[in-house]
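Per-entry structural report
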Amino acid sequence: MSSMPFRYRFRVRYNECDAQRVVFNARYADYVDLAMTEFMRALGRDYRALLARGLDNQVVKLTLEWQGPAHFDDVLEARVEVIKLGRTSFTIGYTIVRAADAKPVCQAEAVYVMMQAEPLVKTPIPDDLRERFERGAPDVLIDHAGPERPE
């Protein structure tokens, strides 16, 4: 019995589309950031908890590879997995698919560096967060897409 990685569902809004009537390329960075926020929340280490500890993380590299179009009102699903853990950095992979048919829309990979908030310098990933990254949030689905459209 295999498990699914953490999944975050959301609906494409009209203002996220360009003149070609597809999701504008820069919006995918927003989608990655939203998925990361919800992933951290699912791990029990949301940004407020991180900041309360005097920690933060910074994106130092983000790559996106488009695989298909997404349109207004499509429900997308970001599948999120930690793919590498270093001493002070971690890499998260994102597979964004259309929820209705699981067709790939975009692959993304983001490298983050753990930072102390004051002074702003890199710091080792805390052991408790490392353990949660290693475990992930399998089979967790956060659905912000709202109800399905009536046919």
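In short, a report on the structure. (Residues numbered from 1 in each chain as written. Predicted model: local features only at pLDDT ≥ 70, side-chain atom pairs only at ≥ 80, totals over all residues. Heavy atoms only, no water.)

A few points about the nonpolar core
Filter applied, for reference: To form a nonpolar core, buried Ala, Val, Leu, Ile, Met, Phe, Trp, Tyr and Cys residues must be joined to one another through side-chain atoms within 4.5 Å. When accessible area is computed with a 1.4 Å probe and restricted to protein chains, residues below 20% of their type maximum are described as buried, those above 50% as exposed, and intermediate ones as partly exposed. Under the scheme used here, helices are H or I runs from DSSP no shorter than 4 residues and strands are E runs no shorter than 2 residues, and both carry numbers assigned from the N terminus.
By size, the foremost hydrophobic cluster in this structure holds 34 residues, and its most contacted members are F39 and Y94. Broken down by element, the residue count for this core peaks at 7 residues, all from helix α1 (residues 27-42).

Brief notes about the packing of aromatic side chains
For clarity, the threshold we go by: Within 6.5 Å between ring centres, the rings of Phe, Tyr and Trp (the latter by its six-membered ring) count as paired, and their orientation is classed by plane angle as stacked under 30 degrees, edge-to-face over 60, tilted in between.
In the structure shown here, the tally under the stated rule is 8 aromatic pairs. Aromatic pair F90 and Y112: ring centres 5.1 Å apart, planes at 15 degrees, arrangement stacked. One end of the pair, F90, is in strand β4 (residues 89-98); the other, Y112, is in strand β5 (residues 104-116), with 22 residues separating them in the sequence. Neither F90 nor Y112 differs from the other in exposure class; each is buried. Members of the aromatic cluster, connected to one another through ring pairs, are Y8, F10, Y28, Y31 and W66.

Looking at unusual backbone geometry
Here the residue pair E118 and P119 is connected by a cis peptide bond, since its omega of -10 degrees sits within 30 degrees of zero. Note on placement: P119 falls in the loop between β5 and β6 (121-122). The backbone phi angle of R21 is positive, close to 65 degrees, even though this residue is not glycine. For R21, the location among the structural elements is in the loop between β1 (6-11) and α1. R21 sits in the exposed class, given a relative accessible area of 66%. Here D73, not a glycine, exhibits a phi torsion of approximately 80 degrees, which is positive. When you line up the elements, D73 lands in the loop between β2 (55-66) and β3 (75-85). Accessibility expressed as a relative area gives 18% for D73, which makes it buried.

A look at the side chain of N57
Heads up, the rule is: Note on contacts: a residue pair qualifies if any of its non-hydrogen atoms lie within 4.5 Å across the two residues.
Within the fold, N57 resides in strand β2. Here N57 is in contact with M36, M40, Y47, L50, F90, Y112, V113, M114 and M115, once residues within four sequence places are set aside.

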